[in-house]
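Residue strings, one per chain:
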Amino acid sequence: QVQLEESGGGLVQAGGSLRLSCVGSGQNISNYSMGWFRQAPGKQREFLGAIARDGLSIYHAPSVKDRFRITRDNTRNVVYLQMNNLKPEDTAVYYCAADLGSTWNLVNPAKFTSWGQGTQVTVSS
């Protein structure tokens, strides 16, 4: 079993930036495709994108592709979500998740079954 821990959330003004980190333990997450999600109050969980094991194959959801970037550092067992030009509607709890069955899954959010606890991002107007 892999444990995931997100960090880097907080309160930021609209137009600001944050970089979220997702650190794995228990297993080396460099073996897996990793995804980022968010869930705002009263809304369904939203898939933001994913990065394959190689770190080169990356998918960003259309809703965030112009502002968010997913990267990973397999030497440090960490995945990042860089968020720029944040908007109040980006306020949510952000989660990373691992697809323990794939190294390359980018677009099937249902396959991401190992989750972190989430980190809160609040964007003020």
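Just above sits the structure.
Residues numbered from 1 in each chain as written. Predicted model: local features only at pLDDT ≥ 70, side-chain atom pairs only at ≥ 80, totals over all residues. Heavy atoms only, no water.

In this section: the packing of aromatic side chains. For any two aromatic rings, the description comes down to two numbers: the centre-to-centre distance and the angle of the planes. Tallied over the entire structure, the rule returns 6 aromatic pairs. Consider the rings of Phe 37 and Phe 112, whose centres lie 5.9 Å apart with planes at 70°: the pair is edge-to-face. Note that Phe 37 is positioned in strand S4 (residues 33-39) and Phe 112 in the loop between strand S9 (92-99) and strand S10 (114-115), a separation of 75 residues in sequence. Take Phe 37 and Phe 112: they sit in the same class, and that class is buried. Between Phe 47 and Tyr 59 the ring centres are 6.0 Å apart and the planes differ by 15°, which places this aromatic pair in the stacked class. A residue pair is termed long-range when its members are at least 10 positions apart, and Phe 47 in strand S5 (residues 46-51) and Tyr 59 in strand S6 (residues 58-60) qualify at 12 residues. Owing to a relative accessible area of 15%, Phe 47 belongs among the buried residues under this scheme. A relative accessible area of 28% places Tyr 59 in the partly exposed class. Here a set of aromatic residues connected by ring pairs shows up, and it is made of Phe 37, Phe 47, Tyr 59, Tyr 95, Phe 112 and Trp 115. Here the guanidinium or amino end of Arg 19 rests over the ring plane of Tyr 80, the centre of that ring lying 4.0 Å away. The ring of Trp 115 has Arg 45 lying over it, and the distance from NZ or CZ to the ring centre is 4.1 Å. (Phe/Tyr/Trp six-rings, centres within 6.5 Å; stacked < 30°, edge-to-face > 60°. Helix = DSSP H or I, 4+ residues; strand = E, 2+ residues; numbered from the N terminus. Buried < 20%, exposed > 50% of the residue type's maximum accessible area, 1.4 Å probe, protein only. Lys NZ or Arg CZ within 6 Å of the ring centre and 35° of its normal.)

Before going further, it helps to examine the pairing of S9. The side chains of a regular strand alternate between both faces of the sheet. Across the 8 residues that make up S9, a large majority, 7, are buried. With 7 bridges connecting them, S4 and S9 associate as antiparallel partners. Considered in S9, the bridge of Met 34 is made with Ala 98. With 2 bridges joining them, S9 and S10 adopt antiparallel strand pairing. When the sheet's bridge partners are listed, Ala 98 is paired in S10 with Ser 114. (Pairing = 2+ DSSP bridges.)

Bringing the pattern of salt bridges into the picture now. Tallied over the entire structure, the rule returns 5 salt bridges. Notably, a salt bridge pairs Lys 65 with Asp 66, separated by 3.4 Å at the nearest N-O pair. Taking relative accessible area as the criterion, Lys 65 reaches 40% and is therefore assigned partly exposed. On the basis of relative accessibility, which here comes to 66%, the residue Asp 66 falls in the exposed class. Here the salt bridges share partners, and the residues they tie into one network are Arg 38, Glu 46, Arg 67 and Asp 90. (Salt bridge = Lys/Arg side-chain N within 4 Å of Asp/Glu carboxyl O.)

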